[in-house]
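These are the residues of each chain, in order.
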Amino acid sequence: MSVSDNRTVLRLAFWGIPLALGVMGLKMLAWWVTGSVALLSDGLESTVNVIAAVIAYAMIGYAAKPADAGHPFGHHKAEYISAVIEGVLIVVAALLIVWEAVPAMMAPVLLDAPALGLAINFVAGVINAVWAYVLIRAGRQYRSPALSADGHHILSDVVTSIGVLIGLVLAIATGYAILDPLLAVIVACNILFQGWIVISRSIDGLMDRAVPDDEEEAIKQAIAANAKGSLGVHDLKTRQAGAVIFVDFHMVVPEKMAVGEAHDICDRIEDAIRKVHPGAKIAIHVEPEGETAHGVRVKVSGVRK
């Protein structure tokens, strides 16, 4: 990411904090005026959003720090740490909801001021839906795991809010007060599932997962179209760390090729890859012909014989 992109991501992360606080306030107000355990469960999930927004802001700022002697490859993976913590907090929120809902199932009560409470919760849900769309879109555009995780978590919060609203309308219409705490337990199960998704995706990123197949294919095509003069490319490896993609491969050149000529080919390939993935970190190992090739091979157009 460029400096400008980093600032945009950090700015979005910052504004997530007051927005999360506002939505949490609205949802807790909805619970206060109704006494609904389901609305309380929705509010408890929003407290996780506040904590997650603060952590995401801190980790995105840290991830943007330039490489140093202790971290020569940069601090990009810090965003995955933020996402893992958010996943853990989601699980904690689900357990808190169950803690509140189970006793209420034993002695269910009808709601107070249900129309006002539902209206307040609806407004909070609309704000969350718009913000989730903004974060998910920005997370994809800027390759930010922290923004993506936060956006998907907020989106699950929106789904939760919709389920709560529908369930409470049914509880009010039928007079079955037990639907309120029962719905809270269902919400908790959904939150647990979303937490597992966030954690598993983040751990996958920490484990140096390769870039998606379509992106790797684009890298191969960029290499193939710009490696003229070499004898072939092999052992291509990719990995993604936060917003940065790392590309590593071996390039075979004629044994008597001058170092400067081989360097020119490397520069041409690097420029082509960075057109596909701006900011990519590329390592090319130049080998003389006769070396044993291993791993993924890339067919090069215009290879000299």
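Residues numbered from 1 in each chain as written. Predicted model: local features only at pLDDT ≥ 70, side-chain atom pairs only at ≥ 80, totals over all residues. Heavy atoms only, no water.

Draft legend 1. Main features of the packing of helix α4 (residues 114-142) against helix α5 (residues 145-174). Where α4 meets α5, the closest approach of the two axes is 8 Å, and the angle between their N-to-C directions is 155°. By the angle between their directions, the pair α4 and α5 is classed as roughly antiparallel. For the element pair α4 and α5, the recorded crossing hand is left-handed. Looking at the contact of α4 with α5, its residues break down into 17 nonpolar, eight polar and three charged. (Axes fitted to C-alpha atoms, helices over the stretch in contact; angles between N-to-C directions. Helix = DSSP H or I, 4+ residues; strand = E, 2+ residues; numbered from the N terminus. Parallel < 35°, antiparallel > 145°, perpendicular 65-115°, else oblique. Left-handed = near helix turned anticlockwise from the far one by under 90°. Nonpolar A, V, L, I, M, F, W, Y, C, P; charged D, E, K, R; others polar.)

Draft legend 2. Summary view of the confidence of the model for the chain. Within the chain, residue pLDDT values average 81, and 91% of them lie at 70 or more. Across the chain, element-level confidence peaks in helix α8 (residues 259-276) with a mean pLDDT of 93 and bottoms out in strand β4 (residues 297-298) with 56. (pLDDT = per-residue confidence, 0-100.)

Draft legend 3. Inspection of the side chain of E270 at higher detail. Summarising the element assignment, E270 is placed in helix α8. Relative accessible area serves as the criterion here: at 18%, E270 is assigned to the buried category. With near-sequence residues (within four places) excluded, E270 lies in contact with I282 and I284. (Buried < 20%, exposed > 50% of the residue type's maximum accessible area, 1.4 Å probe, protein only. Contact = heavy atoms within 4.5 Å.)

Draft legend 4. Up close: the packing of helix α2 (residues 37-63) against α5. Interhelical geometry of α2 versus α5 gives an angle of 170° and a closest axis separation of 10 Å. Here α2 is positioned roughly antiparallel relative to α5, judged by the angle of their axes. Residue-level inspection shows A38, L39, D42, E45, S46, V48, N49, A52, A53, A56 and I60 of α2 in contact with α5, the latter providing A146, L147, D150, H153, I154, S156, D157, T160, S161, V164 and L168. Of the residues contributing to the contact of α2 with α5, the split by class is twelve nonpolar, six polar and four charged.

Draft legend 5. Up close: the pairing of strand β3 (residues 281-288). As defined by bridge partners, strand β2 (residues 244-253) adjoins β3 across eight bridges and the pair is classed as parallel. The residue of β3 that forms the bridge with F249 is I284. Assessed by its sense of winding, the connection that carries the chain from β2 through α8 to β3 is right-handed. (Pairing = 2+ DSSP bridges. Right-handed = clockwise from strand over helix to strand, strands pointing away.)

Draft legend 6. Region of the structure containing the nonpolar core. Core analysis: the biggest nonpolar cluster contains 27 residues, and I97, V164, L168 and I191 have the highest contact counts within it. Mapped onto this core, the elements with two or more residues apiece are α2, α3 (78-106), α4, α5 and α6 (179-206). The next biggest cluster of nonpolar side chains, apart from the first, holds 22 residues, and it includes I219, M251, I273 and I282. (Core = buried A, V, L, I, M, F, W, Y, C linked by side-chain atoms within 4.5 Å.)

Draft legend 7. Examining unusual backbone geometry more closely. In this structure, D235 takes a positive phi of about 60° despite not being glycine. Judged by its relative accessible area of 17%, D235 is buried.

Draft legend 8. The arrangement of the packing of aromatic side chains in detail. The full count for this structure, using the stated rule, is two aromatic pairs. Ring centres of F14 and W15 lie 5.6 Å apart, and the angle between their planes is 75°; this geometry places the pair in the edge-to-face category. Take F14: its relative accessible area is 38%, and that puts it in the partly exposed class. Through a chain of ring-to-ring contacts, three or more aromatic side chains come together here, namely F14, W15 and Y57. Taking NZ or CZ as reference, R239 lies 4.0 Å from the ring centre of F246, over its face. (Phe/Tyr/Trp six-rings, centres within 6.5 Å; stacked < 30°, edge-to-face > 60°. Lys NZ or Arg CZ within 6 Å of the ring centre and 35° of its normal.)

Draft legend 9. Focus on a nonpolar patch on the surface. On the surface, a cluster of nonpolar side chains totalling about 480 Å² of accessible area is made up of L19, F122, V123, V126, I127 and V130. Per-element tally for the nonpolar patch: the top contributor is α4, with five residues. Mapping V130 onto the fold places it in helix α4. Classification of V130 by relative accessible area gives exposed; the value is 52%. (Patch = residues over 30% accessible without salt bridge, like charges linked within 9 Å, V, L, I, M, F, W, Y side chains within 5 Å. Areas by Shrake-Rupley, 256 points an atom, 1.4 Å probe, with all protein chains shown as cover. Salt bridge = Lys/Arg side-chain N within 4 Å of Asp/Glu carboxyl O.)

Draft legend 10. Highlighting the pattern of salt bridges. Across all of its chains, the model carries two salt bridges by this definition. A salt bridge links K220 to E216, with the shortest nitrogen-to-oxygen separation between them at 3.9 Å. With a gap of four residues between them, K220 and E216 both fall in helix α7 (residues 213-226), about one helical turn apart. Residue E270 is joined to R274 by a salt bridge in which the shortest nitrogen-to-oxygen separation is 3.7 Å. Placement of the pair is E270 and R274 together in helix α8, with a separation of four residues, close to one helical turn.

Draft legend 11. Structural detail: the side chain of H250. With respect to the element layout, H250 can be found in strand β2. Taking the relative accessible area as the measure of exposure, H250 reaches 18% and is therefore buried. Among the polar contacts listed, one links the side chain of H250 to the side chain of D235, at a separation of 3.5 Å. Apart from the residues lying within four places of it in its own chain, the contact partners of H250 are G232, V233, H234, D235, H285 and E287. (Polar contact = N/O pair within 3.5 Å; in protein donor to acceptor, adjacent residues only side chain to side chain.)

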